[in-house]
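# Observations on chain architecture
Each chain, letter by letter, is given below.
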Amino acid sequence: MIRTYVRYNVMSGLRSALEEWTGEDLADRSVDDLAEDLAELELVAGLIEAERARRLHLFRAKKGPDIHGYPSATAFLAHRCRIATGRARRLVATAETAAACPTVSRAWAAGDISADQARRLLEAAETAGEVFASAEETLVDIVIPLDADDTARAVGYWLHTVVEPRIEDSRRGVSMSQTFNGMGRIDGWLTPLAYQALYIAFDTLTAPPAPDDPRTPRQRRHDALEDLARNYLENTDTPTVGGERPHINIVCDLQALAGVAGGRHETEDGDIIDIPTLRALACDSAVSRIVLGSDTEIIDVGRRTRTIPAALRRAVIARDRHCTHPGCRRRARWCDVHHDQHWADGGPTNAENCRLLCRYHHTLLHRREAAARQDTYPTQVTPLQRGPPPVVL
Ligand SMILES: [Zn+2]
Ligand SMILES: [Zn+2]
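These notes cover the structure that comes with them. (Residues numbered from 1 in each chain as written. Chains lettered and ligands numbered in written order. Predicted model: local features only at pLDDT ≥ 70, side-chain atom pairs only at ≥ 80, totals over all residues. Heavy atoms only, no water.)

## A word on the state of the cysteines
Short version of the rule: Any pair of cysteine sulfurs within 2.5 Å is marked as a disulfide.
Scanning all chains against the criterion turns up zero disulfides. No disulfide involves Cys335; its sulfur sits 5.2 Å from that of Cys323, the nearest cysteine.

Below, the structure is given as structure tokens:
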């Protein structure tokens, strides 16, 4: 009973201290005071994290998750505390390592090191194993005056002296996932060789940037990755799948091709592709027509034809040589042939109406086009229609 009283007292003290902060009128707060506030908030957040780690360890040691009906502490944190599962798993790992590293925990709880510094040290403890204990005090002393980035470097160098860098081939892997709007997420670990190969490929594809190229290095790497994949798919030497070279298959109806929302525009796996991307892809691609009956029964399949014939492509490349966007000099092999007036809108496929654009500027142009046409889009979302003949690109 007394224990319950103390717990509520401490927690409500924390809460009411916080309420004093959140209730404060900040209009007249000076920049210097705000700087102090931010440093103080980070310190307090770090102390709270340290305390959570301490209690989480104890909660597990006392079989708390089991008693509360959860298969694991991670599941408890995810459900009861609404923490994303991945982060919950890391919190549990941190709490367990912290319990085995008393000097790090003490420095963290005292605010001598930040939460980021503590995490870096604890990760090193996990990697280094038993040798960490003999170096723990020295390492904490070394990192106390450092910022988080220098801490990571210092700890990284120490790790190199005690752990023979093992090439963990089994850790290699790439995970991919897609969000509802079609944006994809890639995350993973590469072997040193694979990393070097990709790094050099990116370096070759991204350099040198045009002077007015607004893309960040991250964005340029993204575009390079896309170039790599699309050129691989279009390369004649690639292996065949089911008698055809692998490629991006998109199913859409004529309405979507014409830039009007409300129809069908998706990959053959059913992932939705946004309309400007669809129109950019359709600009320079192979198209085959599939006519569906009312029951989505296939009535007719047309022959696959390139929207840009090979001879015309050669002529456009000979004329333009590189991306025609002002200031961009990406070479023809990284470019699409773009129709100034889209063929889906009745534009002719001839040299006058076609020009080279790199993938980045090509998609950008179709996005701008979509933004300019926005007023012609139906304001009401129409239900997904079945029926009109989809076109497979
Ligand atoms: Zn285009
Ligand atoms: Zn370009």
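## Considering the coordination of the zinc ion (ligand 2)
Formally: With water excluded from the atoms, a metal site may look incomplete; its donors are any N, O or S atoms within 2.8 Å, or within 3.2 Å for Na, K and Ca. Metal sites are grouped by the angles between bound donors: all angles between 85 and 135 degrees with four donors is tetrahedral, opposite donors over 155 degrees apart with the others between 65 and 115 is square planar for four donors and octahedral for six, and any other pattern is irregular. Numbering of helices and strands runs from the N terminus, with a helix taken as a DSSP run of H or I at least four residues long and a strand as a DSSP run of E at least two residues long. Accessible area is worked out with a 1.4 Å probe on protein chains only. A residue is then buried under 20% of its type maximum, exposed over 50%, and partly exposed in between.
Within the protein, Cys323 (SG), Cys328 (SG), Cys358 (SG) and His361 (ND1) serve as the donor atoms for the zinc ion (ligand 2), at 2.0 to 2.4 Å. In this structure, the zinc ion (ligand 2) is coordinated by four donor atoms arranged in tetrahedral fashion, with angles at the metal of 99 to 116°. For the zinc ion (ligand 2), the donor residues sit on a single chain with the sequence spacing C-x4-C-x29-C-x2-H. Placement of the pair is Cys323 in the loop between α14 (310–320) and β8 (335–339) and His361 in helix α15 (residues 359–372), with a sequence separation of 38 residues. As far as the burial class goes, Cys323 and His361 line up, both buried.

## Describing the coordination of the zinc ion (ligand 1)
Listed as protein donors to the zinc ion (ligand 1) are Cys283 (SG), His338 (ND1), His362 (NE2) and His366 (NE2); their distances from the metal cover 2.0 to 2.2 Å. For the zinc ion (ligand 1), the four donor atoms in the first shell make angles of 101 to 118° at the metal, so the coordination geometry reads as tetrahedral. As a motif over one chain, the donors of the zinc ion (ligand 1) read C-x54-H-x23-H-x3-H. Pair noted here: Cys283 is in helix α13 (residues 275–283) and His366 is in helix α15, with a separation of 83 residues, a long-range link.

## Digging into the packing of aromatic side chains
Stated precisely, the cut-off is as follows: A pair of aromatic rings is counted whenever rings of Phe, Tyr or Trp (Trp by its six-membered ring) have centres within 6.5 Å, and the orientation is called stacked for planes under 30 degrees apart, edge-to-face for over 60 and tilted otherwise.
All told, the structure shown has four aromatic pairs when counted by the stated rule. Taking 4.7 Å as the distance between ring centres and 45° as the angle between the ring planes, the aromatic pair formed by Phe59 and Phe76 counts as tilted. You can see Phe59 sitting in helix α2 (residues 31–61) and its partner Phe76 sitting in helix α4 (residues 73–80), a full 17 residues away along the chain. The partly exposed category is assigned to Phe59, whose relative accessible area is 22%. Ring pairing ties together the aromatic residues Phe59, Tyr70 and Phe76, which thus form one cluster.

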